[in-house]
Amino acid sequence: MRQGLSLPTLLGIAWLIGAAVAAGGTPQETIADAARKVVKVYGAGGLHGLESYQTGLLVSPDGRILTVMSTVLDADDIDCVLDDGSRHRATLVGVDPRRELALLSIAGQDLPAFVLTEEARVPTGTRILALSNLFGVAVGDERVSAQRGVVAAIVPLEARRGAAQAPYKGDVYVLDCTTNNPGSPGGAVVDASGRLVGMLGKELRASAGGIWLNYALPADELARGCREIASGTASAPAPADAAPLDPRLLGAVLVPDLLDRTPPFVESVVPGSAAARAGLRPDDLVIAVDGRSVASRAAVQQALGGLAAGDPVRFTVMRDRTVVDCDLGPRPRSPGKP
Amino acid sequence: MAPSRPLSLLSLVPLAAAALVATAGRGEGVDRAVLDAQRERVETIRRAAATAVAIFAGDSGGGSGVLISRDGYAATNFHVVQPAGPAMRCGLSDGRLYDAVLVGIDPTGDLALVKLLGRDDFPCATFADSDDVVPGDFCFAAGNPFLLATDLQPSISAGIVSGTHRYQFPAGTILEYTDCLQVDAAINPGNSGGGLFDAAGRLIGVNGRASFEKRGRVNVGAGYAISANQVRNFLGCLRGGRICDHATLGATVSSDAAGRVVVSEILESSDAWRRGLRYDDEIVALAGRPVRTVNAFKNVLGTLPAGWQVPLAYRRDGRRHELLVRLAAVHAPADLAAIVAGEQRQPERRQQPRGAAPAPDELPRQPATDQPEVPPLPEAVTGLYEPRSGFANHHFNTVERDRVAKAIAAARADRAADTPWVLTGRLEGGGEFRIELSDTQGLVDLPTGTSVVEAAADLDRNPLPPGSGGMLPALLLWRRLVTRGPADLGRTTYWGTAPRDPAALGTAACPLVDVLEAAVAGVEARFSIDENGDVCGIDLWTAPDADPCEVRLAPTAGGQGGMPARIEVRHGGRPFGLFLVDPPGAAP
């Protein structure tokens with residue numbers, strides 16, 4: 001049995017929202033209400049550290065669901081599980097590649113939904129609650145996880161995923177709670193009254209320092225993204241940042257790229273180079289770069305380009321029917337880049 | 001600054017102003033209710049911190065614990081005490097180190113009970129009903145993360161409850177976290193075994209696990225605590241110095257296409273099968289809690305000790321059925337002991353699959369393979385530790401058995417030991433009965449016939465009256481227990497606690513009562529003893545794995561010289577008879 005105004009509840013309120021006792025309910029009520037508008041999204045993945053689940057937000061009573069654009073949605077069957085445990089097959093309405101948002105649709109009516117507006121942002125210091133499908137610990141009708149925190153900063157996003165820069169460069173809310181977890185992307189960030197403040201973004205590291213970022217896309221950006229997806233004006237995907245990189249920069253000269261799929265044989269090794277120090281030899285056949293198999297010369301350059309500058313480079317080569325690993329040291333910067 | 005310069009009045013003015021500003025910065029403009037709440041919270045945390053135990057397991061690392069009784073019993077994690085052995089040193093926030101001894105363990109549920117020594121006035125936490133906890137509730141953990149408490153002052157980390165009734169798979173070990181609380185308060189290695197408290201400073205759980213991903217073994221905003229209610233369910237068994245086991249229905253369930261939870265496998269040797277549960281039956285509720293998902297089923301089951309009888313509701317052909325089912329143990333005792341020994345050899349947790357939630361276990365300070373020789377017990381623990389197969393520390397079983405024996409002796413105080421007991425009255429279905437119990441024999445006179453069992457006979461060969469499964473042997477042993485005490489019943493141990501009325505499980509009023517177990521004259525019997533020292537239930541097996549005779553005694557408070565007002569006898573899931581006993585003196 002729970003009373004509305006017991007001492008524990010009062011303490012909880014005071015703790016969570018400080019002096020600014022909002023017009024909304026208790027944190028418990030806010031979470032219970034917001035959780036009805038948060039869905040668990042299931043799709044492709046489950047291999048190589050790629051989760052097959054994330055979070056989504058109901059943004060219209062007729063079943064529009066906003067989530068992050070990710071490999072989870074690269075599936076024929078995308079399932080959304082609502083707070084009541086009901087499971088719905090979703091279709092992909094469209095994507096906003098710049099903000100990395102995706103709009104899904106499930107059949108439904110009179111569903112509880114967040115209201116998306118392009119109104120002003122909340123200030124730094126705003127206390128928030130984050131609701132998400134983190135770690136996939138909640139299944140079926142089990143409620144998504146709630147975390148509490150504060151908007152610690154509002155800054156432009158400078159982040160990357162692997163070597164690729166995140167395409168969105170606008171402002172994000174930086175949060176002081178650990179929301180950057182598997183399954184969390186697409187989660188709701190609400191204020192004390194339950195109003196949607198933003199959406200937890202994809203798992204990204206800061207470009208500077210490489211730490212995992214706990215951040216959310218502001219609600220006004222979500223509203224714009226939704227509008228652009230609905231009107232078909234969402235911008236085209238940003239070009240991939242990972243340009244191919246010639247292994248010559250490491251001192252490994254491959255055979256000329258003459259065929260569609262030229263086997264990546266080493267033609268020569270520049271003396272004194274990283275490749276030479278790593279023990280690479282002419283006639284070695286490169287079969288993998290950093291553990292990823294490469295079938296052609298072009299694939300080697302592509303794989304090298306996919307590594308972040310400074311990441312360790314490992315060539316796995318076939319030499320006299322044995323497999324040898326050669327560590328070539330850090331990946332050099334691409335020519336022409338600062 | 002020049003020394004000994006006198007302070008002029010003028011130079012005092014800015015000082016006073018600065019003091020005013022400082023005061024304003026702390027209080028002014030902040031609602032009084034908030035300041036009061038803050039003061040209240042500081043005091044609450046101070047009180048809870050006094051119950052936090054820093055456990056030091058020598059070279060094996062350590063963790064946390066929480067005091068739950070004045071005489072020093074503290075709950076912690078199995079994985080914290082396991083490397084420590086039977087004795088350990090524990091620190092409290094009073095700055096003192098106490099010797100402590102291992103009492104009981106629950107390896108599956110990752111629980112353990114230790115007893116701090118040397119005081120009978122320890123500060124202790126009070127239990128909250130953890131089923132009342134909801135997401136958003138304020139909570140805080142008090143413990144010893146990263147073994148930082150070298151000054152014995154616990155670390156406090158605060159947060160909210162992120163989720164309730166979470167199910168966490170056994171992650172590489174047998175440690176299964178069912179029905180646990182999920183919190184965003186930082187739970188780090190070393191916090192294991194410490195208390196999780198609500199805003200009023202009451203114990204809602206025992207921290208034990210966290211999701212660790214990509215940041216190494218540190219908090220990522222998802223910690224898990226064993227619920228206080230689960231701790232309470234296992235406390236009796238733990239206090240009895242046992243290696244506790246968890247329960248199985250003897251059936252597995254899965255979700256069917258319609259999302260219903262249905263029986264997918266069932267053992268024909270299980271009590272559930274004997275009571276009538278079959279394939280494809282839809283499980284609706286277990287132990288008084290609704291079951292709508294497979295996780296919910298596992299959650300409820302995971303909170304229950306082996307051997308409890310619990311209500312089960314299922315649906316078949318649109319009709320709802322309810323029955324009482326006896327839960328079996330998950331492990332054979334030898335297997336459990338082997339697992340415990342195995343965990344001891346390998347305290348290092350294996351690498352966890354991504355997304356799983358390994359326990360933030362002790363921080364080993366030396367390689368796990370380098371197991372030290374068993375050190376001699378500290379003097380303070382001498383006499384408080386007795387190894388025995390099936391027990392973590394048999395000494396505490398004797399302690400609990402003697403406590404219950406004392407309560408029984410006090411309750412029977414004015415009852416003569418050598419006179420026969422005669423109970424007469426009516427059967428609920430009509431007819432009269434007469435029961436005579438003496439040192440030499442037992443007799444039951446029923447409208448359907450008279451049964452006699454010699455007290456010296458092998459009781460398992462005399463499950464009389466016919467159809468009762470052994471009512472007379474049960475009543476004979478009842479008299480022996482009450483008049484002569486547990487020692488007279490041969491090998492008698494403290495079994496733990498169980499619900500007095502299993503059918504009431506899940507409701508507010510379902511007290512747990514002490515249970516003694518005896519193996520005597522070819523039968524096994526369990527006696528439930530209520531808070532007054534009166535025997536309120538007897539389960540008697542004439543053969544293992546057979547249905548027991550279940551006798552329920554409803555004593556009248558204070559009256560009838562401790563004699564029951566009614567005796568209910570069941571066997572094989574069916575009532576054998578309800579005996580309404582005449583008040584004493586009415587007997588012919």
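Predicted model, so just to flag it, every value in this text is computed and none were measured.

J.: Whenever I open this one, the overall build of chain B confuses me. Can you help?
T.: A count of helical and extended segments in chain B gives 9 helices and 31 strands. Classification of the 588 residues of chain B by burial places 47% in the buried group. Considering only contacts in chain B between residues 6 or more positions apart, those separated by 24 or more positions represent 62%.

J.: Looking at this structure, how should I read the overall build of chain A?
T.: Within chain A one finds 5 helices and 21 strands. Of the contacts made within chain A by residues no fewer than 6 positions apart, 61% connect residues no fewer than 24 positions apart.

J.: What am I meant to see in the domain arrangement of chain B here?
T.: Size of an interface: often given as the accessible area lost when the parts come together. Residues and elements named next belong to chain B. Considered domain by domain, chain B is made up of domain 1 (35-244 + 330-349 + 356-364 + 382-392), domain 2 (247-329) and domain 3 (405-581). The gap between the C-alpha centroids of domain 2 and domain 3 is 29 Å. Each side of the interface is counted separately: domain 2 has 13 residues, and domain 3 has 11 residues. Of all the elements in the fold, those that place two or more residues in the side of domain 2 that touches domain 3 are strand S18 (309-316) and strand S19 (319-326). Ranked by residues supplied to the side of domain 2 that touches domain 3, first place goes to S18 with 3 residues.

J.: Please explain the environment of Ala142(B) as it appears in this structure.
T.: All names here are of chain B. Position of Ala 142 among the secondary structure elements: in strand S7 (residues 138-143). On the basis of neighbour count, Ala 142 is assigned to the buried category, with 26 C-beta atoms found within 10 Å. Separated by 114 residues in the primary sequence, Ala 142 and Asp 256 have C-alpha atoms spaced 43 Å apart. The residues contacting Ala 142, other than those within four sequence positions of it, are Ala 48, Ala 49, Ala 52, Pro 154, Ile 156, Gly 194, Gly 195 and Phe 197.

J.: I'm lost on the domain arrangement of chain A in this one. Help?
T.: Segmentation of chain A into domains returns domain 1 (20-231) and domain 2 (247-330). The distance between the C-alpha centroids of domain 1 of chain A and domain 2 of chain A comes to 40 Å.

J.: What's the story with helix H8 (residues 394-412) of chain B in this structure? I'm lost.
T.: Helical geometry: 3.6 residues make up each α-helical turn, so side chains three or four residues apart lie on a common side. All names here are of chain B. With 19 residues, H8 ought to run about 27 Å at 1.5 Å a step, and its terminal C-alpha atoms sit 27 Å apart, in line with that. All of the buried residues in H8 are Phe 396, Asn 397, Glu 400, Arg 401, Val 404, Ile 408 and Arg 412. Across the axial projection of H8, the buried residues extend over an arc of 150°, all falling on one side. Residues of H8 that are exposed and point over 90 degrees away from its buried face: Arg 403, Lys 406 and Ala 410.

J.: Got a minute to help me understand the pairing of strand S18 (residues 285-289) of chain A in this structure?
T.: If a strand is regular, its side chains alternate between the two faces of the sheet. Residues and elements named next belong to chain A. Bridge analysis of S18 against strand S20 (residues 312-319) gives 4 bridges, and the strand direction is antiparallel. Opposite Leu 285, over in S20, you have Met 318 as the bridge partner. Relative to strand S19 (residues 292-293), S18 is paired through 2 bridges, and the arrangement is antiparallel. When the sheet's bridge partners are listed, Val 289 is paired in S19 with Arg 292. Joining the antiparallel neighbours S18 and S19 is a turn of 2 residues, in which Asp 290 adopts a positive phi near 55°.

J.: Even after reading the chapter, I still don't get the sheet that holds strand S5 (residues 97-106) of chain B, so can you show me in this structure?
T.: Across a sheet, paired strands are connected by hydrogen bonds in the backbone, their directions being either parallel or antiparallel. The strand order S1-S2-S3-S6-S5-S4 (chain B) describes a closed barrel built from 6 strands, whose pairing is antiparallel. The sheet shows a mean angle of 40° between the axes of neighbouring strands, taken without regard to direction.

J.: Which parts of the structure should I look at to understand the environment of Ile435(B)?
T.: Residues and elements named next belong to chain B. Within the fold, Ile 435 resides in strand S22 (residues 432-437). For Ile 435, a count of 20 C-beta atoms within 10 Å puts it in the buried group. Considered as a pair, Ile 435 and Lys 406 are 29 residues apart in the sequence and their alpha carbons are 27 Å apart. If we skip the residues at most four places from it in the chain, Ile 435 touches Leu 423, Val 444 and Leu 475.

J.: Would you mind showing me how to read the confidence of the model for chain A here?
T.: When pLDDT drops low, the exact placement of atoms in the prediction is not to be read closely. Looking at chain A as a whole, the pLDDT averages 85, with 89% of positions reaching at least 70. Across residues 237-241 of chain A the pLDDT falls below 50, and counting only partners more than four positions away or on other chains, this stretch makes 8 contacts in the model.

J.: Got a minute to help me understand the pairing of S22(B) in this structure?
T.: Residues and elements named next belong to chain B. Burial of the side chains of S22 is restricted to one face: Phe 433, Ile 435 and Leu 437 are buried, whereas none of Glu 432, Arg 434 and Glu 436 on the reverse face is. Sheet topology places strand S21 (residues 421-427) next to S22; 6 bridges connect them, and they run antiparallel. Looking at S22, one finds that Val 422 is bridged to Glu 436. Pairing of S22 with strand S23 (residues 441-446), which is carried by 4 bridges, proceeds in the antiparallel orientation. In the strand pairing of S23, Leu 437 is matched with Gly 442. Two successive antiparallel strands, S22 and S23, enclose a turn made up of 3 residues.

J.: So what exactly am I meant to see when it comes to the sheet that holds strand S8 (residues 145-156) of chain A here?
T.: Residues and elements named next belong to chain A. Reading around the circumference, S7-S8-S11-S15-S13-S12 is the order of the 6 strands in this closed barrel, with antiparallel pairing throughout. Ignoring strand direction, the axes of neighbouring strands in this sheet form an average angle of 40°. As paired strands, strand S13 (residues 196-200) and strand S15 (residues 215-218) are joined by 3 bridges and run antiparallel to one another. Bridging from a neighbouring strand, Gly 198 pairs with Pro 218 of S15. Together, strand S7 (127-132), S8 and strand S12 (188-191) form the strand contacts of helix H2 (residues 27-35), whose direction differs from that of S7 by roughly 40°. Against the sheet, helix H3 (residues 219-231) engages S13 and S15, with an angle of about 55° to S15.

J.: Whenever I open this one, the confidence of the model for chain B confuses me. Can you help?
T.: Residue and element names in this part refer to chain B. Here chain B shows a mean pLDDT of 86. Residues at 70 or above account for 84%. Every residue in residues 1-24 scores below 50 in pLDDT, and together they form 1 contact with partners more than four places removed in sequence or on other chains. Residue range residues 345-372 is modelled with pLDDT below 50. Its contacts to residues more than four positions away, or to other chains, number 67 contacts. Of the two predicted TM-score estimates for the complex, the pTM is 0.80 and the ipTM is 0.80.

J.: Looking at this structure, I do not really get the environment of Gly91(B). What am I missing?
T.: Residue and element names in this part refer to chain B. By the element assignment, Gly 91 lies in strand S4 (residues 87-91). Taking the C-alpha atoms as reference, Gly 91 lies 9.8 Å from Gly 65; in sequence the two are 26 residues apart. Setting aside chain neighbours within four positions, we find Gly 91 in contact with Ala 54, Phe 56, Leu 97, Ala 149 and Leu 152.

J.: Explanation requested: unusual backbone geometry in the structure shown.
T.: For residues other than glycine, phi is negative in most cases, and the peptide bonds are mostly trans. Residue and element names in this part refer to chain B. In this chain, Leu 464 is followed by Pro 465 through a cis amide linkage whose omega measures -10°. Topologically, Pro 465 is positioned in the loop between strand S24 (449-454) and helix H9 (471-484). Unusually for a residue other than glycine, His 165 sits at a positive phi of about 50°. Relative to the assigned elements, His 165 resides in strand S8 (residues 155-168). For Asp 317, which is not glycine, the phi torsion reads 50° and is therefore positive. Structurally, the position occupied by Asp 317 is in the loop between S18 and S19.

Basis of the calculations
- Residues numbered from 1 in each chain as written.
- Chains lettered and ligands numbered in written order.
- Predicted model: local features only at pLDDT ≥ 70, side-chain atom pairs only at ≥ 80, totals over all residues.
- Helix = DSSP H or I, 4+ residues; strand = E, 2+ residues; numbered from the N terminus.
- Buried ≥ 20, exposed ≤ 12 C-beta atoms within 10 Å, placed from the backbone.
- Contact = placed C-beta atoms within 7 Å.
- Domains from an automatic or database assignment.
- Expected span 1.5 Å × (residues − 1).
- Arc of directions from axis to C-beta.
- Pairing = 2+ DSSP bridges.
- Axes fitted to C-alpha atoms, helices over the stretch in contact; angles between N-to-C directions.
- pLDDT = per-residue confidence, 0-100.

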